[in-house]
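# Summary of structural features
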Amino acid sequence: MFDETLLDDPEALSRADTHGLLRGAAECGARVRTAARNATEAGVDALKPDGRPRAVLVAGPGPTAGCAADLLTALAGGGCPVALIRPVGVAPAPGALQWTLPGWAGPLDLLLVASPDGSEPGLALLIEQAYRRGCSVACVTPVGAPLADATLQARGLAIPLATAPYETVTGGAQADAAPGLPAGPGTLWSLITPMLALLGRIGLFDVPPTALEALATRLDQTAERCGPAIATYSNPAKTLAAELADTLPLIWTEGELSAAVGRHFATVLAALAGRPALAAELPEALTAHGTLLAGAFAAGADPEEFFRDRVEDSRELHARVVLLRDREEEITSPSPAARALALQRETPVSELEAAEGSSPLETAAELLAITDFAAVYLTLACTP
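Predicted model, so just to flag it, every value in this text is computed and none were measured.

What counts and how
- Residues numbered from 1 in each chain as written.
- Predicted model: local features only at pLDDT ≥ 70, side-chain atom pairs only at ≥ 80, totals over all residues.
- Heavy atoms only, no water.
- Pairing = 2+ DSSP bridges.
- Helix = DSSP H or I, 4+ residues; strand = E, 2+ residues; numbered from the N terminus.
- Axes fitted to C-alpha atoms, helices over the stretch in contact; angles between N-to-C directions.
- Core = buried A, V, L, I, M, F, W, Y, C linked by side-chain atoms within 4.5 Å.
- Buried < 20%, exposed > 50% of the residue type's maximum accessible area, 1.4 Å probe, protein only.
- Contact = heavy atoms within 4.5 Å.
- Left-handed = near helix turned anticlockwise from the far one by under 90°.
- Nonpolar A, V, L, I, M, F, W, Y, C, P; charged D, E, K, R; others polar.
- pLDDT = per-residue confidence, 0-100.
- Expected span 1.5 Å × (residues − 1).

Time to look at the sheet that holds strand 1 (residues 56-59). Read across the open sheet, the 5 strands follow the order 2-1-5-6-7; overall the sheet is parallel. Across the chains shown, the open sheet's two edge strands, defined by having one partner strand only, are strand 2 (82-85) and strand 7 (157-160). Across this sheet, the average inter-strand angle for adjacent strands is 20 degrees, counted without regard to direction. Judged from the 4 bridges that link them, strand 1 and strand 2 form a sheet pairing that is parallel. Opposite Ala59, over in strand 2, you have Ile85 as the bridge partner.

So, in structure tokens, the structure goes:
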């Protein structure tokens, strides 16, 4: 059951937030600043690259690496392919995962390893394999972790992971979420920021120091708008959480940055809030999810639903479209067709778009921050 009254009770939210999820979402701006400073101190600004890599390979445990690869792909555009190396293994435990370089990887390619734990032997073997192939290697991981040592042995660049004062690092293990929960948004930005600084330095895209500070500022501003003390009616994250309660979110995205945010949002809703969600890019989403809007999940599927006594019944999920855009609508935009289809199928629509005039990094930051806060509120306001 979703308790909407909890959203406007900051003290109750604080009591329910036993894992510090709101704190992790609020401190992302500080994480970006610390991570940027760590990247500078590790020598990123002093690098003298010979040119762009042929391809960038990203590897790491959990969904964070996938989100990083998605964002880097969107920011790089067509300048350089970015590929995620997916792990294999019998369990999602550090010692059970293995990564393998694609057969074409070689001296022209760059391997980026991101690990908030730093103790995965499979990633250490991947770094060794990259060294034998002649790949350049950079790793973002806790100071003193086995992966940091493996990176230095492979003559790579080891960048310390930005952590918060309340976090502890024991045997290389560190996270800002409780065991069993996915890495929080703070860890996400701790891992992505050094990658942005590094790829900006080698010319993959333009990321001056002022851009990272603007990114941190946008995260701070969004955290203020979405904080627990802000009432639901003026809080975009709380509003979205309330709208998604007891629904099947269909996350439709327009633009590559929005696509990356949408896939991350669907992952966090499932892993953190325990809510099923489907993400698809427009205009293909209209075909991929069109049948869902006409079937049992449609809001208007049962004309008698409004009059039925629900006291003894379990709640049924009905679809709700979440429309994410990273750009203003143009004449060729598929968003009007998406709204028309939802209206035709009596399906409500929630819309999110970054502030006008935002840079790509600021757009990604704002959309990620709002959706992360929404997932946290949905998690905290749900009771068994």
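Among the nonpolar cores identified, the biggest contains 88 residues, and Val56, Leu72, Leu112, Trp189, Leu196, Leu199 and Phe205 are the most heavily contacted of them. For this core, the element with the most residues is helix 13 (residues 360-380), which contributes 14 residues. Sequence-distant contacts of Leu196, that is, excluding residues within four places in its chain, are made with Leu72, Leu75, Phe205, Val207, Leu212, Leu215 and Leu361. Membership of the second largest hydrophobic core comes to 18 residues, among which are Trp99, Leu111, Leu123 and Leu147.

Mapped onto the elements of the fold, Phe2 is located in the segment before helix 1 (10-16). With relative accessibility at 15%, the residue Phe2 sits in the buried group. Remark: the alpha-carbon pair of Phe2 and Leu112, spanning 110 residues in sequence, is separated by 40 Å. Those residues in contact with Phe2 that sit more than four places away from it in its chain are Leu7, Ala241, Ala242, Ala245, Tyr377, Leu378, Ala381 and Cys382.

On to the packing of helix 4 (residues 62-76) against helix 7 (residues 185-201), then. Running from amino to carboxyl end, helix 4 crosses helix 7 at an angle of 35 degrees, the nearest separation of the two axes being 10 Å. Regarding helix 4 and helix 7, the two cross each other, and that crossing is right-handed. Residues Thr64, Cys67, Ala68, Leu71, Leu72 and Leu75 of helix 4 touch helix 7, and the partners they reach there are Leu188, Leu191, Ile192, Met195, Leu196 and Leu199. Broken down by class, the residue content of the contact of helix 4 with helix 7 amounts to 11 nonpolar, 1 polar and no charged.

A few words on the confidence of the model for the protein chain. The pLDDT averaged across the protein chain works out to 89; a share of 90% of its residues lies at or above 70. This stretch, residues 169-179, has a pLDDT under 50; its non-local contacts, to residues over four places away or in other chains, come to 31 contacts. Predicted confidence for residues 301-313 stays below pLDDT 50, and this span has 7 contacts to residues more than four positions away or in other chains.

Spanning 17 residues, helix 7 covers 24 Å between terminal C-alpha atoms, matching the ideal 24 Å at 1.5 Å per step. The buried fraction of helix 7 is high, at 16 of 17 residues. Positive phi appears at Gly203, one or two residues downstream of helix 7, with a value of about 90 degrees.

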